[in-house]
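# Fold and geometry: a report
The chain contents come next:
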Amino acid sequence: MKKIAFLLVVLLLPLALHAAKSEVYVFNWSEYLDPAVLKTFEKETGIRVKYSTYESNEAMFAKLKIIRKNGYDVVFPSTYFVERMRKLNLLKPLDRSLLTNLKNLDPKLMNKPYDPGNAYSIPYLWGSSAIGVNAKYVNPATVTSFNDLWNPKYKGKLLLMDDVRDVFAMSLRSLGYSGNDTNPEHIKAAYLKLLKLKPGVKVFNSDSPKQPFLNNEVTIGQIWGGEIYQAARENPNLVYIYPKEGATFWADNMAIPASARNAKNAHAFINFMLRPDIAKRNCEYVGYATPNLAAQALLDPKTRGSRAVYPDAKDFAKGEFQADVGSAILIYEKYWEMLKTR
Amino acid sequence: MRRALSYGYLVFVYLFLYVPIVVLVVYSFNDTKFSTNWQGFTLSWYGKLLTDGPLMEAFANSLIVAVTSSTIATVLGTLAAFAIYRYRFIGRKISFSFIYVSMMSPDIVMGISLLMFFILVGLSIGATTLLLAHITFCLPFVVVTVYARVSGFDSHIIDSAKDLGATELGMFRHVVMPMLMPAIIAGWLLSFTLSLDDVVVSFFTTGPSFEVLPLKIYSMVRLGIKPEINALSAVMFLVSLVTVTMAHLMIAKENK
Amino acid sequence: MRFRNVAVVLTLVWITLFVAVPYLLVVLFSFLTPNPAGTVTYTFTLESYRQIFSPVFLTVCKSSFTLALGTSALTLLVAYPFAFFLARIPENIRRTLILLMIIPFWTSSLIRTYALIILLKANGIINSFLLSAGWIDEPLGILYTQTAVFIGLVYTLLPFMILPLYASIQKLDMRLIEASRDLGARGWHIFFHIVLPLTMPGIIAGSTMVFLPALGLFYIPDLLGGARSMLMGNFIKDQFLTTGNWPLGSAASVLLTILMFLMLGWYFAVSRRANQGDMKELA
């Protein structure tokens, strides 16, 4: 009898210890934070991080729609996905008292329409999408507007993103409309204009748009600033251009799903990421811009001075953040399918 | 002459299969975090591989799931193929139809429908649901492969075994299975290959505490796939190569 | 427990629970109302099916079927001689060669596709070699063309054709071939009238295992082809992920299944007439 009891204790002890150990389940892109940061977090707080990955906002959104309990603790939705998720009650409201490092953030990136008052999300990294050119083949001075992409001399050398919102936003902006327009007439106009552009498009790529540039397959196209900044390290001819219509801004945010098991640990994790030294490490590792002012002060001047990554005040004023378009997405998708099947 | 032609063709196909692998291995020494252009030679990715705990954990998870699901799928699939071939039962034709349906289902449909089913039944989403999902999508490939082989059987052999007094089980074990062995092995190899590389179904059917390798890799595309992944693939490839070669040499020695 | 009962019950239970039920969920969804904000609204409607019959969907179907057919044909062409010659190799080396054939596919398909990109791109290995050898003046534009897509698809699906073909060819009795040669039959005649019919189960199995998955594949065509067209896989993925229109995605899936069965039914009817025996029990 004693032997059985002893055996039970020996077998169950690891289980008990494991259960006692604090955990936080993070759901993010791969490589989207410095892995060393996770180790530092574990050492300082004793909370183990279990890191799972997704490859797109859409996939993450679909999974979170279905799993309503025992899910992930921290998730990183992009701008308008925060809006969609909070409207569906998929996110937990944040407890400000646990986020003491919030003060480090840049106010001009807070309180955006996709999350008024940042009740559900905290910006983590942000950036813009505009135009990239290979200066060896395209004179950057001649490219000042999205409309320049329609120039026939770029036929067969053009890259567009493979995302319905990004591509249509670019076309809408070129017509003077907002990239978040829900007017079916405007969307149709954007589609007709894109139809003229399509024969000249060599590749649609939203996974890693810098690759076709680096592979010399394209010389001009839509791309994110951070991508150009990184690619320029390998090929200094790659240049980022803010068109006169303005760039589209995006932000990836930290949020806590409603199905989180360890909400307190989740808050601790988010607060940890808001520390200036940690934010700096992440920002340098990933290559995109940090919204953390205190961290920006710690960056090396060359990175901080890169206009591709950190737009100046004028660039910022002209641009607009991506927003949710509600049921208009069905109209967008309809024209996207037509665009792709012509 | 005919010999030379056949060997030449085999070599040609093997080249086609292996050249990209050689490229993959070479680029594991590429000194850059994100590019498909050669930037210089470095061994650092192999070093990083050894210390990358989460990556190795995901890799181990993938291996465990692949071996387990392939084996179970092979057992189930062989039994199913044989049952459909030999026995008349209610739902026989529908079962085979569903095998085809399953094989044709786009991953996203299978992933989402399985996830919804698991939630409906109240299962906790994690390693178990992942395993169930993998067995399910491997199954049709085993069934079709084994069925193709069993349908070419000389039924007289089976009948004479039964005439000599064998039970169904005995006949299956001692007559049918040996004859099916190439197809069974082929089915296992196909399942293992499928399972190791599955992304979409795995994404939807695994839980927060059980990450598998393909998810990690596909998620890296956004920022650029580090050559560390090439290093991992190269290591796995080399280990498999060495194992196969050694097994071959050992068996050859035994046969002498 | 009787063996027969165990085998049958296991088969029925697994297929019912994990294949049939989830699939019936999909069929159910196709008759419901979309709820882009969530999953579905439980209101019956035929709207999804009405929407499906559009020029866009027809084009998507055609693109996918053409791609899948082309891929199957090409893969069969490459794999059949390979499996045939492999089956002739002495047994001890043969098993090892089979393993050597499949080991490359235990690396991530994404990395392998990237390796193909490195080979095919404008400043890639093949172009650099041809340029430096002086055989071409300008880089060959292979990447982002249909050729690159087929190379990628055949490369990815080759084992799914080779293995079932091999399993079927391997039991071919060489004496049949020798006997017919003794009787005076010539090469092509032997192939078309003896070898081909006897290996037909393997051909059907392999073609099935390449064609059906190829219908839903889109990631590799997008990577290597430039994503300028929409395939069935893209279309269905967009409905489930981008628009949240699950009923439409489900309807597309159901229609794809129906189309597949029509195709297979037509195929079996034709082969029955041509007297290819095995499958006719089930057709």
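Within each chain, residues carry numbers counting from 1 in the order of the written sequence. Throughout, the order in which chains and ligands are written sets their labels, letters from A for the former and numbers from 1 for the latter. Reporting in this predicted model follows two pLDDT cut-offs: at least 70 for local features of residues, and 80 or more for side-chain atom pairs to be given and counted; totals over whole chains, interfaces and linings ignore these cut-offs and use all residues. Note that water and hydrogens are dropped before the side-chain values are worked out from all heavy atoms of the structure.

### Quick notes on the overall build of chain A
Formally: Segments assigned H or I by DSSP are reported as helices when at least four residues long, segments assigned E as strands when at least two residues long, and all are numbered from the N terminus. Values of the radius of gyration come from C-alpha atoms, whereas the globule rule sets the reference at 2.2 Å times the count of residues to the power 0.38. Exposure classes here rest on a 1.4 Å probe applied to the protein chains alone. A residue is buried below 20% of its type maximum, exposed above 50%, and partly exposed in between. Using a 1.4 Å probe, accessible areas were evaluated by the Shrake-Rupley method; residue-level cover was limited to the displayed protein chains. Lys and Arg are tallied as positive, Asp and Glu as negative. Neither His nor the chain termini are counted. Every charge is mapped to an atom, namely NZ of Lys, CZ of Arg, CG of Asp or CD of Glu.
Helix and strand counts for chain A come out as 14 helices and 10 strands. Over its C-alpha trace chain A gives a radius of gyration of 22 Å, about what one expects of a compact globule, namely 20 Å for 342 residues. Burial status across chain A gives 63% buried among its 342 residues. A total accessible area of about 13,200 Å² is found for chain A, and carbon and sulfur atoms account for 57% of it. Side chains of chain A give 46 positive and 33 negative charges; the mean places of these two sets differ by 2 Å.

### What to know about the interface of chain A and chain B
To be explicit about the condition: Here, residues are in contact when the closest pair of their heavy atoms is within 4.5 Å. Accessible surface is computed with a 1.4 Å probe, and the buried area is the amount of it that two parts give up when combined, taken over both parts together. Take a side-chain nitrogen of Lys or Arg and a carboxyl oxygen of Asp or Glu: if they are within 4 Å of each other, that pair is a salt bridge. Classification used: nonpolar for Ala, Val, Leu, Ile, Met, Phe, Trp, Tyr, Cys and Pro, charged for Asp, Glu, Lys and Arg, polar for all others including Gly.
Tallying the contact residues gives 38 residues for chain A and 30 residues for chain B. Counting each side, the surface lost to burial between chain A and chain B is near 3,000 Å², with a carbon and sulfur contribution of 54%. For the pair chain A and chain B, the number of links is 3 salt bridges. Asp252(A) is the partner of Arg222(B) in a salt bridge, and the nearest nitrogen-oxygen pair spans 3.1 Å. Of all the elements in the fold, those that place two or more residues in the side of chain A that touches chain B are β1 (23-28), β2 (48-53), α3 (57-66), α7 (210-214), α8 (225-234) and α10 (276-286) of chain A. At 5 residues, α3(A) tops the list of elements feeding residues into the side of chain A that touches chain B. Looking at the side of chain A that touches chain B residue by residue, the classes come out as 17 nonpolar, 10 polar and 11 charged.

### Notes on a nonpolar patch on the surface
Residues and elements named next belong to chain B. Defined as follows: Any residue with relative accessible area above 30% and no salt bridge may belong to a patch, with like charges joined within 9 Å and the nonpolar Val, Leu, Ile, Met, Phe, Trp and Tyr side chains within 5 Å.
Judged by side-chain polarity, Val 22, Val 26, Trp 38, Phe 41 and Leu 43 come together as a nonpolar surface patch covering roughly 510 Å² of accessible area. Structurally, Leu 43 is set in the loop between α1 (2-26) and α2 (44-51). The class of Leu 43 is exposed, set by a relative accessible area of 55%.

### So, the interface of chain C and chain B
The interface is formed by 90 residues belonging to chain C together with 88 residues belonging to chain B. Of the roughly 8,700 Å² buried where chain C meets chain B, counting both sides, 80% is carbon and sulfur surface. Seen at the junction of chain C and chain B, the total is 0 salt bridges. Every element with two or more residues in the side of chain C that touches chain B is listed here: α1 (3-30), α3 (55-88), α4 (91-102), α5 (109-120), α7 (146-169), α9 (187-216), α11 (232-242) and α12 (246-273) of chain C. When residues in the side of chain C that touches chain B are grouped by element, the largest group, 19 residues, is from α1(C). Within the side of chain C that touches chain B, the residues separate by chemical class into 70 nonpolar, 12 polar and 8 charged.

### Topic: the packing of helix α7 (residues 155-163) of chain B against helix α8 (residues 168-197) of chain B
Helix-helix packing is described using two parameters, namely the angle between the two axes and the distance between the axes. Residue and element names in this part refer to chain B. Heads up, the condition is: Geometry is summarised by axes, namely lines fitted to C-alpha atoms with helices restricted to the contacting stretch, and by angles between N-to-C directions that run from 0 to 180 degrees. In this scheme, a crossing is called left-handed if the near helix is turned counterclockwise away from the far one by less than a right angle; it is called right-handed if the turn is clockwise.
In contact at an axis separation of 10 Å, α7 and α8 are set at 145° when each is read in the N-to-C sense. Once α7 is placed against α8, the crossing between them reads as right-handed. Listed contacts from α8 to Ile 157, Ile 158, Ala 161 and Lys 162 of α7 are Glu 168, Met 171, Val 175, Val 176 and Met 179. Across the contact of α7 with α8, the residue classes tally to 7 nonpolar, no polar and 2 charged.

### Regarding the pattern of salt bridges
Residues and elements named next belong to chain A. Scanning the entire structure with this criterion turns up 21 salt bridges over all chains. With its nearest N and O atoms 3.6 Å apart, the salt bridge here joins Arg 48 to Glu 23. Note that Arg 48 is positioned in strand β2 and Glu 23 in strand β1, a separation of 25 residues in sequence. Here Arg 48 falls in the partly exposed class, since its relative accessible area comes to 23%.

### Here's the deal with the packing of aromatic side chains
Let me state the cut-off plainly: Ring geometry is summarised as follows: Phe, Tyr and Trp rings, the Trp one being its six-membered ring, pair when their centres sit within 6.5 Å, and such pairs are stacked at plane angles under 30 degrees, edge-to-face over 60 and tilted between the two.
Taken as a whole and judged by the stated rule, the model has 63 aromatic pairs over all chains. Pairing Tyr218(B) with Tyr219(C) gives two aromatic rings, centres 5.2 Å apart and planes at 50°, and the pair type is tilted. Within this pair, whereas Tyr218(B) is found in helix α10 (residues 213-219), its partner Tyr219(C) is found in helix α10 (residues 219-225), the two belonging to separate chains. Take Tyr218(B): its relative accessible area is 11%, and that puts it in the buried class. Since its relative accessible area comes to 19%, Tyr219(C) is described here as buried.

### Considerations on the domain arrangement of chain A
All names here are of chain A. Going by this rule: Residue ranges for the domains originate in an automatic or database domain assignment.
Partitioning chain A into structural domains gives domain 1 (2-124 + 250-310) and domain 2 (127-249 + 315-341). One C-alpha centre belongs to domain 1, the other to domain 2, and the line joining them spans 30 Å. Contacts between domain 1 and domain 2 engage 20 residues on the former and 22 residues on the latter. Of the roughly 1,900 Å² buried between domain 1 and domain 2, counting both surfaces, carbon and sulfur atoms make up 55%.

### Here's the deal with the domain arrangement of chain B
Residue and element names in this part refer to chain B. Defined as follows: Residues adjacent in sequence count toward polar contacts only when both atoms are side-chain atoms; beyond that, a polar contact is any pair of N or O atoms within 3.5 Å, and within protein one must be able to donate a hydrogen and the other to accept it.
Here the domain parsing of chain B yields domain 1 (1-41) and domain 2 (43-254). If you average the C-alpha positions of domain 1 and of domain 2, the two centres end up 26 Å apart. Listed as interface residues are 12 residues of domain 1 and, on the opposing side, 14 residues of domain 2. Surface buried jointly by domain 1 and domain 2 totals about 1,000 Å² across both partners, of which 68% is contributed by carbon and sulfur atoms. Per-residue buried area on domain 1 facing domain 2 is highest for Leu 24, Ser 28 and Lys 33; these three make up 40% of the total on that side. On the surface where domain 1 and domain 2 come into contact, there are 0 salt bridges. Here domain 1 is connected to domain 2 by 3 residue pairs in polar contact (both at pLDDT 80 or more). For the side of domain 1 that touches domain 2, the residue count by class is 8 nonpolar, 3 polar and 1 charged.

### Considering the nonpolar core
The tendency in soluble globular proteins is for nonpolar side chains to be buried as a group. For the record, the criterion: Definition used in this section: a nonpolar core is a set of buried Ala, Val, Leu, Ile, Met, Phe, Trp, Tyr and Cys residues joined via side-chain atoms within 4.5 Å.
Counting residues in hydrophobic clusters, the biggest one holds 310 residues, and the most contacted among them are Tyr32(A), Phe168(A), Phe269(A) and Phe235(C). Broken down by element, the residue count for this core peaks at 15 residues, all from helix α6 (residues 127-150) of chain B. Not counting residues within four places of it along the chain, the set of residues in contact with Phe235(C) comprises Glu337(A), Ile52(C), Val56(C), Phe57(C), Val60(C), Met230(C), Leu248(C) and Ala252(C).

### As for the side chain of Asp163(A)
All names here are of chain A. Along the chain, Asp 163 falls in the loop between β5 (158-160) and α5 (164-174). Buried charge without a salt bridge: Asp 163, with Arg 165 as the nearest opposite-charge side chain at an N-O distance of 6.2 Å. The contacts of Asp 163, once residues within four sequence positions are left out, are Glu 58, Ser 206 and Trp 336.

### Some details on the side chain of Glu234(A)
Counting through the fold element by element, Glu234(A) comes out in helix α8. One buried charged side chain, Glu234(A), makes no salt bridge at all; its nearest oppositely charged neighbour is Lys121(C), positioned 6.9 Å away. A polar contact of 3.0 Å, which involves the side chain of Glu234(A), links it to the side chain of Ser35(B).

### Things to note about the packing of helix α3 (residues 53-86) of chain B against helix α11 (residues 227-255) of chain B
Residues and elements named next belong to chain B. Short version of the rule: Geometric relationships in this document are graded by angle, where less than 35 degrees denotes roughly parallel, more than 145 denotes roughly antiparallel, 65 to 115 denotes roughly perpendicular, and other angles denote oblique.
Between α3 and α11, the least distance of the axes is 12 Å, while the angle of their chain directions is 40°. Taken together, the axes of α3 and α11 are oblique relative to one another. In the crossing of α3 with α11, the sense of the turn from one axis to the other is right-handed. Of the residues in α11, those touching α3 at Leu 55, Met 56, Phe 59 and Leu 63 are Glu 228, Ile 229, Leu 232 and Met 236. Residue composition of the contact of α3 with α11, by class: 7 nonpolar, no polar and 1 charged.

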